[in-house]
Each structure stands twice: as structure tokens, then as C-alpha cells.
Amino acid sequence: MEPIRCGIIGMSEGNGHPYSWGAICNGYDSEAMANCPFPVIPAYLAEQVWPADQLDELSVTHVWTQDKAISQNIASAARIPNVVDDLADMIGRVDAVLLARDDPENHVTMALPFLEAGVPIYVDKPLAVTQVEGDLLFDMASEPHHLFSCSALAYSPELWLSAVDREKIGSICCVDAVVPKSWEKYAVHVLEPAINLLDVDSPPIDHRVLRNEGMVAASFSFSTGQLLTVKTMGKVSAPLELHVYGEQGHRTLTFTNSFTAFKNALAAFARQLRTKEMQIERQRTMSVVRLLELGLPNQ
């Protein structure tokens, strides 16, 4: 089966996904990738076995960023054959688009031309930080399966509980999560896997938010009797962890493997395109957006 031809859109500040996602789909040029401004990316790519670890289902054929020099750098590193001058130039040339930017304030504007043209799109996390914009993006899609969005950490095996662990700890009562950096961009990394563990999509019945020196601590209680707490640590060094408490025990889940999470998420997007079946239901994605919005200032 031929790979699905994708265009990729970048870049937002501090986000190197066009380099990593492009390499996962296409393989990469090690000399050119050495110029990637995010040293962690060539480091973890070098730990993989190529081409065995490459994702066969997708091929990135076009790239656009707001700076042609950056686009050309990404293209050289991730073996992308075409650099376009305008993101809409991809329409008619690709089967799908990877919107690899984590600045949600630009997601509606950048996704709109593709959704209107019926081109499926994977929107990087967070899809949106308000329910209004999240619903707007879903409503713009001519077919439900044309929109896919997640934190790749939802597909990280380190943040799942095995059947054995679930049996040992019993019904989950509470998840306490911590992540570095900002609420707006990084809370989603723990909110989504935490909501998957709790398996709750209903709005919280109560919530509290504390802020201090760029740090945010938010707690949400649900009608199921479950509790979720999320701390984003701003500039303070912190692991990315979920502490899961059940009726009979607890587990600590620590994120360690970016490559596998990204590859699994991209593979899920490919499955959604092939099967036309939603890999993440709209309700689940919007439940995460709702919690993100509740954690914003003045909510």
C-alpha cells in the first residue's frame, strides 16, 4: 500500500516537531539533522534503527514554515522534496496535512483552508484552549475523520496501565500529574493521558486553580467521585509524571520516550485516514479542551 502523502506546517517557538515528525515518516539525513536547533531530536533519532523504525504509512512530501530558510533546513534534514511558498499551495498536491505547531491561537486560521478543501489534518496539541475554538475546528471539517488532534503522550506506552497493574491497584480514584513549562502548551501532555486513565468525559463538578511565579496547580473533581490534579511548573525543572491512585494501590508513570509517542500518534492518524473511523472521539478531545480552558487565568 502506498504511503499517504502529507504536507507539514511549522514552526512555532520552542517546537521542533516538523523535524521529528518528518524524520519519523521519511527517515533523515544525519548531517543536515545536526543543524536542527533542538539537539534532543537528532539525539533520539540516532538511537533508532533505520529504516526499520521508520513509519511506512505516511510520507511527508511538502513543507511550509513562515521562513523559507527554516523550511529548507527542515526539508534537508527530513528528506522532504518540496518547499512551498504558501501553505495553501499544498492543496491538490497532498492527501493530508500535519499542522506541527503548538500555538493554538493560530490553529483555526491555518487549518481552515485545508478543512474547507476537504483535506484531512492532524493538528498538534493543544487543538484549542477554548471550547468555542475547539468546536469551530470540528465543525469546519466536512467529514469527522478529517480532523485529528492529540498530545502524542496519549500514545506513550509509559503512561498506560497494563491490565495487570489495573487489577493490582483497583478502580482509579485519583490522578496527580506534573509537567514542566506552561499551562497553555504543556498541561495537555498530562491532561489527555490522565483523562484516558480516569475514562471521564463529563464536565468537572468543581475545580480550583492556584498560580504563583509561572506555576499553575489545578484540581478537578468529577461526579464519578474521581479527582484529577495537574501542576505545570513553568521554569522549574520537573519530570513529566502521572501518579495514579487506586482503591488497592498506586503506580507512578514517567514519560521517557518521545520517538515512540510521536510515531504511535502519527500511525493513529494514518489509521483514521485509512479506516475513516475516529481514533479519538470528539467528546474526549473536547473534554481535554474544557479542562485546559478552566485552567486559564480569569476562568
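Residues numbered from 1 in each chain as written. Predicted model: local features only at pLDDT ≥ 70, side-chain atom pairs only at ≥ 80, totals over all residues. Heavy atoms only, no water.

Colleague: Mind laying out the packing of helix 8 (residues 183-198) against helix 10 (residues 282-294), listing which residues take part and the relevant values?
Modeller: Between helix 8 and helix 10, the least distance of the axes is 9 Å, while the angle of their chain directions is 135 degrees. It follows that helix 8 is oblique to helix 10 by the angle criterion. In this structure, helix 8 meets helix 10 at a crossing whose hand is right-handed. Taking contact as the criterion, the partners of W183, A187, V188, L191, E192, I195 and N196 in helix 8 are, on helix 10, R284, S287, V288, L291 and L292. Looking at the contact of helix 8 with helix 10 residue by residue, the classes come out as eight nonpolar, two polar and two charged. (Axes fitted to C-alpha atoms, helices over the stretch in contact; angles between N-to-C directions. Helix = DSSP H or I, 4+ residues; strand = E, 2+ residues; numbered from the N terminus. Parallel < 35°, antiparallel > 145°, perpendicular 65-115°, else oblique. Left-handed = near helix turned anticlockwise from the far one by under 90°. Contact = heavy atoms within 4.5 Å. Nonpolar A, V, L, I, M, F, W, Y, C, P; charged D, E, K, R; others polar.)

Colleague: Give me the side chain of D124: which residues, what numbers.
Modeller: If you trace the backbone, D124 turns up in strand 5 (residues 121-124). Notably, D124 is buried but unbridged: the nearest opposite-charge side chain belongs to K125, and the N-O separation is 5.1 Å. Among the polar contacts listed, one links the side chain of D124 to the side chain of N15, at a separation of 3.0 Å. Of the polar contacts made by the side chain of D124, one reaches the side chain of H17; its length is 3.0 Å. Filtering out sequence-adjacent residues up to four positions away, D124 remains in contact with N15, H17, W21, L99, A100, R101, D102, H107, S149 and C150. (Buried < 20%, exposed > 50% of the residue type's maximum accessible area, 1.4 Å probe, protein only. Lys, Arg positive; Asp, Glu negative; His and termini not counted. Salt bridge = Lys/Arg side-chain N within 4 Å of Asp/Glu carboxyl O. Polar contact = N/O pair within 3.5 Å; in protein donor to acceptor, adjacent residues only side chain to side chain.)

Colleague: Requested: an account of the sheet that holds strand 10 (residues 227-232), with residues and values cited.
Modeller: One open sheet accounts for six strands, arranged 8-9-10-7-11-12; its pairing is mixed. Each having just a single partner strand, strand 8 (206-212) and strand 12 (250-254) make up the two edges of the open sheet. Adjacent strand axes in the sheet meet at a mean angle of 10 degrees, parallel and antiparallel pairs treated alike. Looking at chain direction, strand 8 and strand 9 (residues 215-221) are connected through seven bridges and run antiparallel. Bridge pairing in strand 9 places R208 opposite S219. (Pairing = 2+ DSSP bridges.)

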